[in-house]
Amino acid sequence: MKLIIHDLDKIEFERLLPDLPDSCRVVSNDGTIKNCIGCFGCWVKTPGACVIRDHYGDMGEWLAKSDEVIIISKCYYGGYSPFVKNVLDRSISYIHPYFETRNNEMHHKKRYNHTFETSVWFYGDDITDDEKATANKLVIANSINMISSIKGIQFVKSVEEIDGGIL
Amino acid sequence: MKPIKVSLISGSPKPLSSSSGTLLDELKPMLSSRFHVNIHSLNKPSVPEESMESILDSDILIFSFPLYVDGIPSHLLSCLYEMEIYLKRHARPDLTVYAIVNCGFFEGHQALPAIELVKNWCYKVGVSWGQGLGVGGGGMIQSLSGVPDGQGPKKNFSIALNELANHINTCSEGENIFVSPNFPRIGYKIGAEMGWRYQIKNNGLNKKDIGRRLV
């Protein structure tokens, strides 16, 4: 499965990907997402699932079913938009709370015997070089901590520039 | 002489008893007596109307927040965006911003992307960047609040906090600082994992449930 996490409005998204295969799951902003409250319930109350049961509570399970994660986000200060970041904050049930040391740093262990590739598209007409540098560091850190590999990190000025071959 | 207004802002989603708040509690006594200090909690994805003017009327902002997925917690990111909108109408070029980021990992340097995000925000909104402090071992911060400054596991942290406070007190820019506890990493790992097992049993589950797979 391909998992697409994006912050585009419905019209923009349908223009970008008009013929979406059934093998894709799309995580869009329906205006109802709640923010992570730092309770760690996804590790110690309902392991593997977020305790907040809105439309975004099963991100860990969806990541575990995905071969590729495609993120399309407006670039905010060298990172994701608040909605996309919210989805990622709500995704930590994908990993295990226990720690292990990798490359002499502490990271969380895998919950699933699984990995996925990540492609990130940052869009915005005024993304600075410093922001691009930060965004690269952020995506690399995410890939280490979510135990995934990076397929690509792209910066474009507008959504229209996003390659039609995104899938 | 006009008082220097300082806002200490906890960016934890927890309004009370957060590690971010504890770090600000540790910093506050080190700040200059010339400062007029206000304390704010941004624990929701919007800045309360009454807080926006008070926060952005300050001369110095000090954000303290937990590292979430290598970055800024989304609710605080939303607040920063609201502040960006506000600052477009009310420019504050004389405002200086500092950031303290606590991470659950042992190594404070894992907070670097989050600190850079705040620095980039400063450039975007036209305020000055001061300094960032990345604090590792966030899981033990609250349990160490009773330990005297500069002692035992707090040694590195106290030195770093003093350095940050010196820059804040002179409103000057400094290199980012990253600290890990003066405590064996393996000890921190064992302690954290014991804590997870304790919590999962308290929730009526078995310790094996901690690795539950839904797929």
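### Some words on the packing of aromatic side chains
- If you walk through the whole model with that rule in mind, you get 14 aromatic pairs over all chains.
- An angle of 10 degrees between the planes, with centres 5.3 Å apart, marks the rings of A:F40 and A:W43 as stacked.
- A:F40 sits in the partly exposed class, given a relative accessible area of 34%.
- When its relative accessible area of 3% is taken as the criterion, A:W43 is described as buried.
- For the pair A:W43 and B:W196, a centre-to-centre distance of 5.2 Å together with 85 degrees between the ring planes defines the contact as edge-to-face. Here A:W43, found in helix 2 (residues 41-44), pairs with B:W196, found in helix 6 (residues 185-202), and the two come from separate chains.

### Structural notes on the sheet that holds strand 6 (residues 177-179) of chain B
Residue and element names in this part refer to chain B.
- Across the sheet, which stays open at both edges, the 6 strands sit in the order 2-1-3-4-5-6 with parallel pairing between neighbours. Looking at strand neighbours, the two that pair on one side only are strand 2 (35-41) and strand 6, the edges of this open sheet. Neighbour to neighbour, the strand axes of the sheet diverge by 15 degrees on average, direction disregarded.
- One ladder, built from 7 bridges, connects strand 4 (residues 96-102) with strand 5 (residues 128-135); its direction is parallel. Across the sheet, residue Y98 finds its bridge partner in strand 5, namely Q131.

### Here's the deal with the pairing of strand 5 of chain B
Residue and element names in this part refer to chain B.
- Of all 8 residues that make up strand 5, 7 are buried, and the element is covered over most of its length.
- Taken together, strand 4, helix 4 (residues 112-125) and strand 5 constitute a β-α-β crossover, and its handedness is right-handed.
- Bridging between strand 5 and strand 6 involves 3 bridges; their strand directions are parallel. Each bridged residue has a counterpart across the sheet, and for V135 the counterpart in strand 6 is V179.
- Tracing the backbone out of strand 5, into helix 5 (residues 155-169) and back to the parallel element strand 6 gives a crossover that is left-handed.

### Section: the domain arrangement of chain B
- Each domain of chain B was delimited in the assignment, giving domain 1 (4-183) and domain 2 (185-215).
- Summarising the inter-unit geometry, the C-alpha centres of domain 1 of chain B and domain 2 of chain B are found 30 Å apart.

### Comments concerning the sheet that holds strand 1 (residues 2-6) of chain A
Residues and elements named next belong to chain A.
- The strand order across the open sheet built from 5 strands is 2-1-3-6-7, with neighbouring strands paired in parallel fashion. Looking at the sheet topology across the chains shown, the edges are occupied by strand 2 (24-27) and strand 7 (149-156). Sheet twist, expressed as the mean angle between neighbouring strand axes with direction ignored, is 15 degrees.
- Pairing of strand 1 with strand 3 (residues 68-74) involves 5 bridges; the strand directions are parallel. In the strand pairing of strand 3, H6 is matched with I72.
- Along the sheet face, helix 4 (residues 82-89) touches strand 1, strand 2 and strand 3 and points at about 135 degrees away from the line of strand 1.

### Description of the side chain of B:E116
- Mapped onto the fold, B:E116 is located in helix 4.
- The buried category is assigned to B:E116, whose relative accessible area is 14%.
- Among the polar contacts made by the side chain of B:E116, one reaches the side chain of A:T134 at a distance of 2.7 Å.
- At 2.5 Å, the side chain of B:E116 and the side chain of A:K137 are in polar contact.

### Concerning helix 4 of chain B
Residues and elements named next belong to chain B.
- For helix 4, spanning 14 residues, the distance from its first C-alpha to its last is 20 Å, which sits close to the expected 20 Å at 1.5 Å a residue.
- Here helix 4 lies mainly inside the structure; 10 of its 14 residues are buried.
- One or two residues past the end of helix 4 sits G126, with phi positive at roughly 80 degrees.

### A closer look at the pattern of salt bridges
- All chains considered together, the criterion is met by 19 salt bridges over all chains.
- With a shortest N-O distance of 3.2 Å, A:E14 and A:K10 are connected by a salt bridge. Placement of the pair is A:E14 and A:K10 together in helix 1 (residues 10-16), with a separation of 4 residues, close to one helical turn.
- Taking relative accessible area as the criterion, A:E14 reaches 43% and is therefore assigned partly exposed.
- Note that B:E84 is salt-bridged to B:K88, the shortest N-O span being 3.5 Å. Taken together, the positions of B:E84 and B:K88, both in helix 3 (residues 74-89) and 4 residues apart, correspond to about one turn of that helix.
- Assessed through its relative accessible area of 6%, B:E84 is described here as buried.
- B:K88 sits in the exposed class, given a relative accessible area of 62%.
- One continuous salt-bridge network, built from bridges that share partners, spans A:K2, A:E68 and A:K151.

### Some points on the packing of helix 1 (residues 19-27) of chain B against helix 5 of chain B
Residue and element names in this part refer to chain B.
- As a packed pair, helix 1 and helix 5 sit with axes 10 Å apart at the nearest point and diverge in direction by 65 degrees. Comparing the axis directions of helix 1 and helix 5 gives the class roughly perpendicular. In this structure, helix 1 meets helix 5 at a crossing whose hand is right-handed. Listed contacts from helix 5 to L23, E26 and L27 of helix 1 are F157, L161, A165 and I168.
- Looking at the contact of helix 1 with helix 5 residue by residue, the classes come out as 6 nonpolar, no polar and 1 charged.

### What about the nonpolar core?
- Ranked by size, the top nonpolar core spans 39 residues in total, and within it A:I5, A:V27, A:Y80 and A:F122 carry the most contacts.
- Residues contacting A:I5, with those up to four places away along its chain left out, are A:V27, A:M59, A:V69, A:I70, A:I71, A:I72, A:V84, A:V87 and A:L88.
- Formed by 35 residues, the second largest nonpolar core is a distinct cluster that contains A:Y76, B:L56, B:L61 and B:C103.

Rules and cut-offs
Residues numbered from 1 in each chain as written. Chains lettered and ligands numbered in written order. Predicted model: local features only at pLDDT ≥ 70, side-chain atom pairs only at ≥ 80, totals over all residues. Heavy atoms only, no water. Phe/Tyr/Trp six-rings, centres within 6.5 Å; stacked < 30°, edge-to-face > 60°. Buried < 20%, exposed > 50% of the residue type's maximum accessible area, 1.4 Å probe, protein only. Helix = DSSP H or I, 4+ residues; strand = E, 2+ residues; numbered from the N terminus. Pairing = 2+ DSSP bridges. Axes fitted to C-alpha atoms, helices over the stretch in contact; angles between N-to-C directions. Right-handed = clockwise from strand over helix to strand, strands pointing away. Domains from an automatic or database assignment. Contact = heavy atoms within 4.5 Å. Polar contact = N/O pair within 3.5 Å; in protein donor to acceptor, adjacent residues only side chain to side chain. Expected span 1.5 Å × (residues − 1). Salt bridge = Lys/Arg side-chain N within 4 Å of Asp/Glu carboxyl O. Parallel < 35°, antiparallel > 145°, perpendicular 65-115°, else oblique. Left-handed = near helix turned anticlockwise from the far one by under 90°. Nonpolar A, V, L, I, M, F, W, Y, C, P; charged D, E, K, R; others polar. Core = buried A, V, L, I, M, F, W, Y, C linked by side-chain atoms within 4.5 Å.

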